[in-house]
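Observations on chain architecture
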Amino acid sequence: MRNFTLVPQYDQPLSLTKLPKVNLHFHADGGVVSPEVFAELCRRHPDRPIPKQPFNIDLDEDDLREKGLSQENLDRDPELRRKSIFGNFLKKYDPVTHFIRDEDDLELVTYEYLIHCAQSGVMYVELTCSPEHFKEDHEAYESDSSGNRTPSTPARERSIEYHRFTDTVVKAIQRAEKDFGIDARILMVLLRHDGVERCQRTLQDVIANPNPYVVGINMAGDEEQFPARDFAALFEKARRAGLKVTIHIGEHISGELMYQEVIATRPDPLIAACLSISLADDDPAFFDNNIEMEYTETQRLLGRTDVEMLRFTADGIRDAFCSDKLKVKLRAVVELYSVWSGLRD
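Residues numbered from 1 in each chain as written. Predicted model: local features only at pLDDT ≥ 70, side-chain atom pairs only at ≥ 80, totals over all residues. Heavy atoms only, no water.

Digging into the nonpolar core
The nonpolar side chains of a soluble globular protein tend to be buried with one another. Applied cut-off: The definition of a nonpolar core used throughout is a set of buried Ala, Val, Leu, Ile, Met, Phe, Trp, Tyr and Cys residues joined through side-chain atoms within 4.5 Å. Working definition: with a 1.4 Å probe on protein chains only, accessible area under 20% of the residue-type maximum means buried, over 50% means exposed, and in between means partly exposed. Counting from the N terminus, the helices are DSSP H or I runs at least four residues long and the strands are E runs at least two residues long.
By size, the foremost hydrophobic cluster in this structure holds 78 residues, and its most contacted members are Val-33, Leu-114, Val-125, Leu-127 and Ile-186. Take this core: its biggest share by element is 9 residues, from helix 5 (residues 103–119).

Below you can see the structure in the form of structure tokens.
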């Protein structure tokens, strides 16, 4: 692999100088591409056209004109604003992902993200990975204000096949664990809008290529047009194979429809009948956030102490899909931090 590191290397693993955190929701393809890493990918692949303002998901005049909307439309209809901005995010996401063209790129973006997590006090990350994004025959789609979906990004010039995709992400995880003491596991994504057949293909790849770092599946995409009930058999198949399951929910729907999604898929944290809240940063380059900001802002808004903020970390550990053995290790760090904070105070 070509040597490239954006942040300095450290010999020390995670310490107790920062509040210990977990991050259970992060997209390990386009989501891990920070602006700095994107600049390196552009340098590596000068033949690709660089998208205009790749991480800006706000709607400018060109975007509004393309969608047949005006700022007044959005001001009058908050739901239309939400859907339009989310649609613009999806439109920007895939062109960035297409700059990850080979295993070197994939290892780079995954490793660099885990470095930044470790330096923010994150002990454990669940990387939401979309192997279908890296298939040669995959096309990205976007939705207009009426919900009609059209191809937005052409198919990739070159595939990263499933086993090579998984091996590369695992290699980056193992490097980060060795260098910084951070642990990570993988949830493979089933993309609703690719249809049941392609989701079946992804799930079959996961089942046919077992890996201890791949601990579950996560369904993403438009719940409104592709309801979870159409994929319920795939969730049961995943469970029989020993995989945990979860879903993206509430990005396109609300209320009763969200309840129906839960009933159809029975995601594992809900099966455990626990009410818990953990914090995550999802796609920080696009949403202008990071996991440390999420903890800091939540602490400010709720007026919590550092030790009280450990509740969010503890909930995250409980809901994580990793092994019980790893959870014991993570809980030990939380306990040590709590004791250390008491001594410090």
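Topic: the pairing of strand 2 (residues 122–129)
As a reminder of what qualifies: At least two DSSP bridges between two strands are needed for those strands to be called paired.
The buried fraction of strand 2 amounts to 8 of the 8 residues, a majority that puts the element mostly inside the structure. Pairing geometry for strand 1 (residues 21–27) and strand 2, over 5 bridges, is parallel. Opposite His-27, over in strand 2, you have Thr-128 as the bridge partner.

Regarding the pairing of strand 7 (residues 244–247)
Consecutive side chains along a regular strand alternate between the two faces of the sheet. Relative to strand 7, strand 6 (residues 214–220) runs parallel, the two being bridged by 4 bridges. From the neighbouring strand, Gly-216 faces strand 7, where its bridge partner is Lys-244.

A word on unusual backbone geometry
The phi torsion at Asp-282 lies on the positive side, around 60°, for a residue other than glycine. Looking at where Asp-282 falls in the secondary structure, it is placed in the loop between helix 10 (268–271) and helix 11 (284–287). Here the phi dihedral of Asp-288 falls at roughly 55°; this positive angle occurs in a residue that is not glycine. Here Asp-288 lies in the loop between helix 11 and helix 12 (291–302). On the basis of relative accessibility, which here comes to 65%, the residue Asp-288 falls in the exposed class.

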